[in-house]
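Summary of the model geometry
This is what each chain is made of:
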Amino acid sequence: MAKGQHTAKNIGRNTKNLLNYPRAGVSGWTRFLPSIRILVVGGLSLVIALCVAFAVGYAATDIPEPNLEATGQTSTIYYNDGKTPIGQYKVEDRKSVDIDEISEPMQKAAIAAEDTSFYENRGISIKGLSRAVVGVVTNQYAGGGSTITQQYVKNFYLTNEHSLDRKVKEMFISLKIDQQQSKDEILANYLNTIYLGRRSYGVEVAAQNYFDKPASELNVSESALLAAMIQRPGAADPSENPGAYEDRFDYVVKSMVDEGFITEEQAAKVEMPKVQKQNKESSLSGQKGYMWDFVRREALAKLDIDEAQLDRGGYNIVTTFDKDRMKAAEQAIKALPQDQPEGMQAGLVSIDPDNGGIEAFYGGKNYLDQAFNASTQSHVQAGSTFKPFALVAGLENGVRLTDTYPGNSPTSIDNNGEPWLVPNFGNTSYGPVSLLKATQSSINTAYAALNVQVGTDKTIDVAERAGVSPACTEKQVETGDTGQCTLDMSEANPSTVLGVPSVKPLDMANAYATFAANGVHHETHAIKTVTQGSEDKEVYKADTKGKRVFDKAVGAETSYALSQVVQGGSGSYAQNLGRPAAGKTGTTDENKAAWFSGYTPNLATSVVLYREVDGKQLSIGAYGGRSEVTGGSFPVQVWTDYMKQALQGEKVEQFPARGELPDKPKPSNTNEPVAPKPEPKAPSGSNDGSDGEDEAPKTKAPIEEPTKEPDDEDKDSDGDEKGKEEDAEADTDGTESDADANDGGESPAANDDPDDGDGADGNGGDGTDKADDDNDDKSGGGSGNGGNSNDSEGDLGSGDVTG
């Protein structure tokens, strides 16, 4: 080939492949490896592109106006009329100070805790940004890694949104801020904007709130604690739980040593500082504080925001609280006798069954003296108020109100092959009784047999469907995180039906609201709507649809049975309401608590009295002229007084008509009552003489009265009870009414082994079984023998039980 021709061929080849890729003159797969030329050109191109992009982004990003949170808009909560304010969530006296008004230890502690390279970096941390970008992309954002400048920019100009766009803006604004402000200005602005709990924004306010001194006087230990709180300001109040910040406190002190801010010798002397108790606003006195606190907790959860955002977000929160009903609840509780024993607590929760809204509650005498809410945070043994859950479970599974159960006391119940000795209150025997009679008179033996028949698991399932929180796990009990669960509610313990579980009054009111709604459950809530800004843009609205959890006919039959408790049983004082009502009394072992949970078709309310001293529940004892407090005494009085006021002007509604119950195979009853035998100690007329009791259960609930037992018995023993109770409730002579024994005891203690034979003697006096339940009038008329009582709500602890 001629030389010219060869040269031309090479030139053509080079012209077609300027980058020489794949590489000429190289054989095999290595010819596809990029050459040095490609790497250099590619690298330079990438650098140039990034520089251009960075320049464009930097130029295009302006420093925005301060965000809404930074300007500190007050959030306001209102009663359900949307006009009358209850209280506010607001920024507490924000006061900005110059850097020379912040102590040097505080400045150094913040740097040691949050950004040790603060004086060297240019406002951003490449390492922190890279980690944040990866976290956002992988949806595993863990926060942290931002410089002090970035945190200041986020707090003052941006939001807490976890997005790539926000991080990019944060980077460019931080770079510009670093160019425009000195390091001292940035540090001062940062320390003036951080949130440090107790609604304190800025280190100056925090110093005053926690240590009663200005920020200029903060020492090393005080500064280290405040710096330790920056990451989690709402984790705990350091005056109540300093341990929550101990690890972070130690980290800050060590970091100060590592950075040369203090010496090892100085660090060794640093201890957790003493923090003064929080000063609470007088505007939170009385019941307002309880509403303020409850709504605050719900708002944080429902809006998915932190405390700082709520206090600065400018929210308008309309609650479900009715001002008149809140006042009525407080008045009804205050009407109780004033000679109260130490630690006496009263709880009342009232719920609209149509939507689950909390219309009223009573948290305590004064939020400023006791922040703990007796109605929404306490756990109190349920006593016989738990029995209706077994009633519903039975009705759902083929049981009828006309079915008969053992009423003699004591009765050995066959609990899946194991004997379970159950006494009635006062050891009163009734002979075979119908389920209706057992409900009206709260007969332990009958309900124990019913529970074994349907299964404790089904009783608990009904309770949870109705609105009782699930049973606490071992971990929840160990950690004390029991706010959203029920204590001592176990499928393994058949005594659960008699009221062993410790429930929150809020849960019990919710469950009875489900009864009032004829089987439709609504989630309890205190917030109706939340709007934000001057335009009142709606950001939240409560879901009030509800879910049917019980068959309509089951709901109607349950209300009919519980209405008989009012018509001729332990809750007869509630007849003074003057409209259809249903409910259940309950009194616990050793008279530690007394309940009345009841409802009309348009309002459900639970009332509980209990006594607690140093975290331990004690017997209420003699009070208000009574030897003991029972569910059929003061609780039903409070309930009736409150409901009279709350329902004033409301339409009188009737309970739904009874109808066709679910046609389900009835579980075998291994505790059929024996043939009735005369019981000389039993009150006259105590045997249930229903004409239909011996008949086979009917699928359709009888529309007519199943028996004349309530009327008949009212004329003899129950009638005596009712008359005596009404006299006693009126407190005409200050004596204990036999009628309160109607509210007989309920349950053995949570730790009671139903198989150990405790309480077997059934003498109504020694209380060997530690039944933690209803003791309604162990002392009929003060005699202590319960002989005049037809309502055997007494639980397994013979003398320990009432109901």
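What you see as residue numbers is a count from 1 along each chain, following the sequence as written. At least 70 in pLDDT is required for a residue's local features to be given in this predicted model, at least 80 for side-chain atom pairs to be given and counted, and no such filter applies to totals for whole chains, interfaces and linings, which use all residues. To get the side-chain values, all heavy atoms of the structure are used, and hydrogens and water are removed first.

To continue, consider the pairing of strand β14 (residues 537-541). We call two strands paired when DSSP finds no fewer than two bridges between them. A run of H or I in DSSP becomes a helix once it reaches four residues, and a run of E becomes a strand once it reaches two; helices and strands are each numbered from the N terminus. Relative to β14, strand β13 (residues 527-532) is paired through four bridges, and the arrangement is antiparallel. Directly across from Thr 529, in β14, lies its bridge partner Lys 541. Adjacent in sequence and paired antiparallel, β13 and β14 are bridged by four residues, among which Gly 533 carries a positive phi angle near 80 degrees.

Our next topic: the sheet that holds β13. Reading across from one edge, β2-β1-β3-β13-β14 is the order of the five strands in this open sheet, with mixed pairing throughout. Two strands lie at the open edges of the sheet, namely β2 (85-89) and β14, each paired on one side alone. Averaged over all adjacent pairs, the angle separating strand axes in this sheet is 20 degrees, with direction ignored. In terms of strand pairing, strand β1 (residues 75-78) meets β2 through four bridges, oriented antiparallel. Bridge assignment links Ile 77 to a residue of β2, and that residue is Gly 87. Sheet contacts for helix α13 (residues 287-303): β1, β2, β3 (315-319), β13 and β14; angle to β2, the most-contacted strand, approximately 55 degrees. All axes are obtained by fitting lines to C-alpha atoms, using only the stretch in contact for helices, and the reported angles, taken between N-to-C directions, cover 0 to 180 degrees. By definition, residues are in contact when any of their heavy atoms lie within 4.5 Å.

Counting 121 residues, the largest nonpolar core has Ile 317, Phe 321, Ile 358, Phe 361, Phe 389, Tyr 599 and Tyr 642 as its most contacted members. Here this core gets eight residues from one element, more than from any other, and that element is helix α21 (residues 505-516). Excluding its chain neighbours within four sequence positions, the residues that come into contact with Tyr 642 are Arg 325, Ala 328, Ala 329, Ala 332, Leu 348, Ser 350, Ala 360, Leu 603 and Thr 605. Formed by 47 residues, the second largest nonpolar core is a distinct cluster that contains Val 153, Ile 173, Ala 207 and Val 270. Take the buried residues of types Ala, Val, Leu, Ile, Met, Phe, Trp, Tyr and Cys, join any two whose side-chain atoms come within 4.5 Å, and each joined set is a nonpolar core. The cut-offs for exposure are 20% and 50% of the maximum accessible area for each residue type, with area from a 1.4 Å probe on protein chains only; residues under the lower value are buried, those over the upper are exposed, and the others partly exposed.

Looking now at the pairing of strand β18 (residues 603-613). Within β18, 10 of the 11 residues are buried, leaving the element largely enclosed by the surrounding structure. In the sheet, strand β4 (residues 344-351) pairs with β18 via eight bridges, with the strands oriented antiparallel. Within β18, the position partnered with Gly 347 by the bridge is Val 608. Bridging between strand β17 (residues 593-600) and β18 involves eight bridges; their strand directions are antiparallel. Residue pairing across strands places Thr 600 opposite Leu 603, the latter belonging to β18.

Relative to each other, helix α4 (residues 104-114) and helix α10 (residues 220-229) sit at 40 degrees, their axes nearing to 8 Å. Between α4 and α10 the crossing geometry is right-handed. Of the residues in α10, those in contact with Pro 105, Met 106, Ala 109, Ala 110, Ala 113 and Glu 114 of α4 are Val 220, Ser 223, Ala 224, Leu 226 and Ala 227. Polar here means any residue outside two lists: the nonpolar Ala, Val, Leu, Ile, Met, Phe, Trp, Tyr, Cys and Pro, and the charged Asp, Glu, Lys and Arg; Gly therefore counts as polar. Residue composition of the contact of α4 with α10, grouped by class: nine nonpolar, one polar and one charged. Put simply, a crossing is left-handed when the front helix is turned counterclockwise from the back one by less than a right angle, and right-handed when it is turned clockwise.

The quantity known as pLDDT measures the predictor's confidence residue by residue, on a range of 0 to 100. When pLDDT is averaged along the chain, the result is 79; 72% of the residues meet or exceed 70. Residue range residues 140-144 is modelled with pLDDT below 50. Its contacts to residues more than four positions away, or to other chains, number eight contacts. Below a pLDDT of 50 lies the segment residues 679-803, which in the model reaches 468 contacts outside its immediate sequence neighbourhood of four places, other chains included.

Time to look at a nonpolar patch on the surface. Patch definition: residues with relative accessible area over 30% and no salt bridge; like charges joined within 9 Å; nonpolar side chains (Val, Leu, Ile, Met, Phe, Trp, Tyr) joined within 5 Å. To measure how exposed things are, a 1.4 Å probe is used in the Shrake-Rupley method; for residues, cover is taken only from the protein chains shown. Any carboxyl oxygen of Asp or Glu within 4 Å of a side-chain nitrogen of Lys or Arg constitutes a salt bridge here. Residues Ile 36, Leu 39, Val 40, Leu 44 and Ile 48 make up a contiguous nonpolar surface patch of about 510 Å² in total accessible area. In this fold, Leu 39 is placed in helix α2 (residues 36-60).

Attention now goes to the state of the cysteines. Any two cysteine sulfur atoms lying within 2.5 Å of each other are counted as a disulfide. Evaluated as defined, the whole model comprises one disulfide. Through a disulfide, Cys 472 is tied to Cys 485; the S-S separation comes to 2.0 Å. Where Cys 472 bonds to Cys 485 through sulfur, the torsion about that S-S bond is close to 85 degrees, and the disulfide is right-handed. Remark: Cys 485 occurs in the loop between α20 (474-479) and β11 (502-503) and Cys 472 occurs in the loop between α19 (456-466) and α20; sequence separation between them is 13 residues. In this structure, Cys 472 and Cys 485 share a single accessibility class: buried.

Here we come to the pattern of salt bridges. Taken as a whole, this structure holds 17 salt bridges when the rule is applied. Lys 108 is paired through a salt bridge with Glu 104; the nearest N and O atoms lie 2.5 Å apart. Taken together, the positions of Lys 108 and Glu 104, both in helix α4 and four residues apart, correspond to about one turn of that helix. For Lys 108, a relative accessible area of 24% puts it in the partly exposed group. Residues Arg 325 and Glu 359 are paired through a salt bridge, measuring 2.9 Å at the closest nitrogen-oxygen approach. Taken together, the residues Arg 325 in helix α15 (residues 323-334) and Glu 359 in strand β5 (residues 358-362) connect sequence positions 34 residues apart. Here Arg 325 matches Glu 359 in class, with each residue buried. Beyond isolated ion pairs, a larger network of salt bridges with shared partners links Arg 296, Glu 307 and Asp 311.

A few words now on unusual backbone geometry. Residues apart from glycine generally show negative phi values, whereas peptide bonds are mostly found in trans. Here the bond from Ser 409 into Pro 410 is cis, since omega is -5 degrees, no more than 30 degrees from zero. With a phi angle near 55 degrees, Asn 416 is a residue other than glycine that sits in the positive phi range. Following the sequence through the fold, Asn 416 ends up in the loop between β8 (411-415) and β9 (418-422). The class of Asn 416 is exposed, set by a relative accessible area of 71%. A positive phi angle, close to 60 degrees, is found at Asn 591, a residue other than glycine. Mapped onto the elements, Asn 591 comes out in the loop between β16 (582-587) and β17.

Quick look at the environment of Val 275 now. Relative to the helices and strands, Val 275 is located in the loop between α12 (264-268) and α13. The exposure class of Val 275 is buried, given its relative accessible area of 12%. Taking the C-alpha atoms as reference points, Val 275 and Tyr 210, 65 residues apart in sequence, are found 5.5 Å from one another.

Once that is clear, we can look at the packing of α15 against helix α23 (residues 634-646). A pair of packed helices is captured by two measures, namely the crossing angle of their axes and the spacing between those axes. Running from N to C, α15 and α23 point in directions that differ by 150 degrees, and their axes come no closer than 9 Å. Relative to α23, α15 is oriented roughly antiparallel. Here α15 runs over α23; the crossing is right-handed. On the side of α15, the interface is formed by Arg 325, Ala 328, Ala 329, Gln 331, Ala 332 and Ile 333, while α23 contributes Val 638, Asp 641, Tyr 642, Gln 645 and Ala 646. Of the residues belonging to the contact of α15 with α23, the class tally is seven nonpolar, two polar and two charged. Roughly parallel here means an angle under 35 degrees, roughly antiparallel means over 145, roughly perpendicular means 65 to 115, and every remaining angle is called oblique.

Further remarks concern the packing of aromatic side chains. Each aromatic ring pair is summarised here by two numbers: the centre-to-centre distance and the angle between the ring planes. Pairing of aromatic rings covers Phe, Tyr and the six-membered ring of Trp, with a centre-to-centre limit of 6.5 Å; geometry is then stacked below 30 degrees between planes, edge-to-face above 60, and tilted otherwise. Following the criterion strictly, the structure yields 16 aromatic pairs and no others. Relative to Phe 361, the ring of Phe 294 lies with its centre 5.9 Å away and its plane at 80 degrees, an arrangement referred to as edge-to-face. With a gap of 67 residues between them, Phe 294 in helix α13 and Phe 361 in strand β5 connect regions that are remote in the sequence. This pair shows no difference in class: Phe 294 is buried, exactly as Phe 361 is. One aromatic cluster is present, built from ring pairs that chain together Phe 386, Phe 389, Tyr 512, Phe 515, Phe 550, Tyr 599 and Phe 655. Above the ring of Phe 118, the side-chain terminus of Lys 183 is found at 4.7 Å from the ring centroid. Consider the ring centre and the ring normal. A charge sits over the ring if Lys NZ or Arg CZ is within 6 Å of that centre and within 35 degrees of that normal. Over the ring of Phe 634 we find Arg 626, and its NZ or CZ is 5.2 Å from the ring centre.

Right, let's get into α19. Among the residues making up α19, those that are buried are Thr 456, Thr 459, Ile 460, Val 462, Ala 463 and Ala 466. Seen along its axis, α19 keeps its buried residues to an arc of 155 degrees; they face one direction. Close packing links the buried residues of α19 with α16 (387-396), α18 (444-454), α21 and β12 (520-521). Once α19 ends, the next one or two residues include Gly 467, with phi positive near 140 degrees. Starting at the helix axis, one direction is taken to each C-beta atom, and the arc is that of these directions.

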